[in-house]
Amino acid sequence: MKINLNNMNIIGIIMILFSIFLFTTRILNHLILNITYPFLEGSSEGKSILFFGIMGSILLLYPLFNLNRYKMQKFINLHPIFKGNTNKYLKLLILIVILTYIVGIIIELIIRSKLGVSIFTTFIAMDPSPTSTSITHSHVFKSVLGDLISILGIHVAGNIHTGSSLIYYTMPISFIILITFPLTYILGLISLNQRKNRYTIILAFAITTTLIGMLDGGLFSTPALIGLSGLLGVLAVKKPFSYKVFLNPSFVIILLIILRLTIGIIGTNIEYHEITFFDEKYPINLEGYSVIDVNYEQNKTIVKISTDRSDKTILAGMVNRSKGNVSGIALSWNIYTWVTKN
């Protein structure tokens, strides 16, 4: 059987091989992290491996989903709803992605409602390993991936975070990602066809960062915003070409960035950091912190400390001091200390 590979397919194969190389070795970890961080926001090579693997597979497989292929024609003829051009499938992809992001935010709200803490908090599930999540950087769907990895017995490097600790707090609603993630991928493959090479690359990149954003980060994360920018941008392109078509997509992304900053500012507590420990077995060592107040409510220990340190520093310190002692930690936000004290 003759196999015809176009330039995009060859690039895809190279990216897949590079993804495998990254997974099996650690030679280029630091370099790749520095290169991909601006658009992946990753603290480990896990996102980089996913990026090259997913984008490579998209560029390799998309010709199989060309609407002019015989098997795709049979699929389209099943029902009039399937008829249309690739932009129709791109619109459906964007709709599903936005729905997934909204569900992710709803899960974040449900978690805090059940725990009895403010929505403007970062929550860390501690068992079996610390995993954080918040409305502005969500890992609720990542927990499903981590749980699947655990069930299947797949070994991953210790510095790649799977998020499985959150599954107890996110299920069963989070399992929607098992439907929307593959559906987004397949719709992406269809959407790539019948486009110029430059738009194929841009769209493949956007779909990949979107898929990563769905799993790790949520609506307000860098991969999600970059992904949505690409999806909306390619959808807006018309003939004859004009830069004016990018005004609406740009407005949407700017609005989301402003919303992200607004949530951070509204949720900021400048008076003190409030730390809530859940199911504390014995008192946490708070030596070195300026403790303002300590309260006990049912299974919660609520500690207020001064704002002389950043959220990030406090999170790391409290996680280290409470391993094996609590089931979870919630920390209030202070966006100003995050900027000035890191």
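Residues numbered from 1 in each chain as written. Predicted model: local features only at pLDDT ≥ 70, side-chain atom pairs only at ≥ 80, totals over all residues. Heavy atoms only, no water.

Draft legend 1. Focus on the side chain of Ser-221. Looking at the secondary structure, you find Ser-221 in the loop between α9 (197-215) and α10 (222-236). Given the relative accessible area of 1%, Ser-221 is considered buried. Polar contacts involving the side chain of Ser-221 include one to the main-chain carbonyl oxygen of Gly-218, which spans 2.8 Å. Not counting residues within four places of it along the chain, the set of residues in contact with Ser-221 comprises Glu-41, Thr-136, His-137, Gly-213 and Asp-216. (Helix = DSSP H or I, 4+ residues; strand = E, 2+ residues; numbered from the N terminus. Buried < 20%, exposed > 50% of the residue type's maximum accessible area, 1.4 Å probe, protein only. Polar contact = N/O pair within 3.5 Å; in protein donor to acceptor, adjacent residues only side chain to side chain. Contact = heavy atoms within 4.5 Å.)

Draft legend 2. Expanded view of helix α11 (residues 247-266). Here α11 spans 28 Å end to end across 20 residues, near enough to the 28 Å set by a 1.5 Å rise per residue. If you check which residues of α11 are buried, you get Pro-249, Ile-253, Leu-256, Ile-263 and Gly-264. One face of α11 carries all of its buried residues, which in axial projection span an arc of 105°. Opposite the buried face of α11, by more than 90 degrees, sit the exposed residues Leu-247, Asn-248, Phe-251 and Ile-266. (Expected span 1.5 Å × (residues − 1). Arc of directions from axis to C-beta.)

Draft legend 3. View of the sheet that holds strand β2 (residues 131-133). As summarised here, the arrangement of the six strands in space is β2-β1-β6-β3-β5-β4, forming an open sheet in which the pairing is antiparallel. At either end of the open sheet lies a strand with only one pairing partner, and these are β2 and β4 (291-297). When strand polarity is set aside, the average angle formed by the axes of neighbouring strands in this sheet is 20°. Here three bridges tie strand β1 (residues 121-125) to β2, and the two strands are oriented antiparallel to one another. By the bridge assignment, Phe-123 is partnered in β2 with Thr-133. Sheet strands touched by helix α5 (residues 86-115): β1, β2, β3 (273-278) and β5 (300-305). Its angle to β1, the strand with the most contacts, is close to 80°. The strands touched by helix α12 (residues 311-322) within the sheet are β1, β3, β5 and β6 (328-332), with β6 carrying the most contacts at an inclination of about 160°. (Pairing = 2+ DSSP bridges. Axes fitted to C-alpha atoms, helices over the stretch in contact; angles between N-to-C directions.)

Draft legend 4. Spatial organisation of the nonpolar core. Grouped together as the largest cluster of nonpolar side chains are 67 residues, with contacts concentrated most on Phe-51, Ile-58, Phe-123, Leu-192, Ile-207 and Leu-231. Of all hydrophobic cores here, the second largest spans 16 residues; its members include Met-126, Leu-315, Ile-329 and Leu-331. (Core = buried A, V, L, I, M, F, W, Y, C linked by side-chain atoms within 4.5 Å.)

Draft legend 5. Representation of the environment of Leu-40 in the model. Secondary-structure assignment places Leu-40 in helix α2 (residues 29-40). Put simply, Leu-40 and Thr-209 are 169 residues apart on the chain and 7.2 Å apart in space, counted from C-alpha to C-alpha. Among all residues touching Leu-40, those that are not within four sequence positions of it are Lys-47, Ser-48, Phe-51, Thr-209, Ile-212 and Pro-223.

Draft legend 6. Expanded view of unusual backbone geometry. Here the amide bond leading from Asp-127 into Pro-128 is cis, since omega sits at 5°, within 30 degrees of zero. Backbone torsion omega between Met-171 and Pro-172 reads 0°, so that peptide bond is classified as cis. Positioned with a positive phi, Gln-194 is a non-glycine residue whose angle comes to about 60°. Counting through the fold element by element, Gln-194 comes out in the loop between α8 (177-191) and α9. The phi dihedral of Asp-279 is positive, around 55°, even though this residue is not glycine. Summarising the element assignment, Asp-279 is placed in the loop between β3 and β4.

Draft legend 7. Quick peek at the packing of α2 against α10. Orientation of α2 relative to α10, taken along the N-to-C sense of each, is 70°, at an axis distance of 7 Å. Classified by the angle their axes make, α2 and α10 are roughly perpendicular. Residues Pro-38, Phe-39 and Leu-40 of α2 pack against Thr-222, Pro-223 and Ile-226 of α10. Each residue belonging to the contact of α2 with α10 can be placed in one class, and the counts come to five nonpolar, one polar and no charged. (Parallel < 35°, antiparallel > 145°, perpendicular 65-115°, else oblique. Nonpolar A, V, L, I, M, F, W, Y, C, P; charged D, E, K, R; others polar.)

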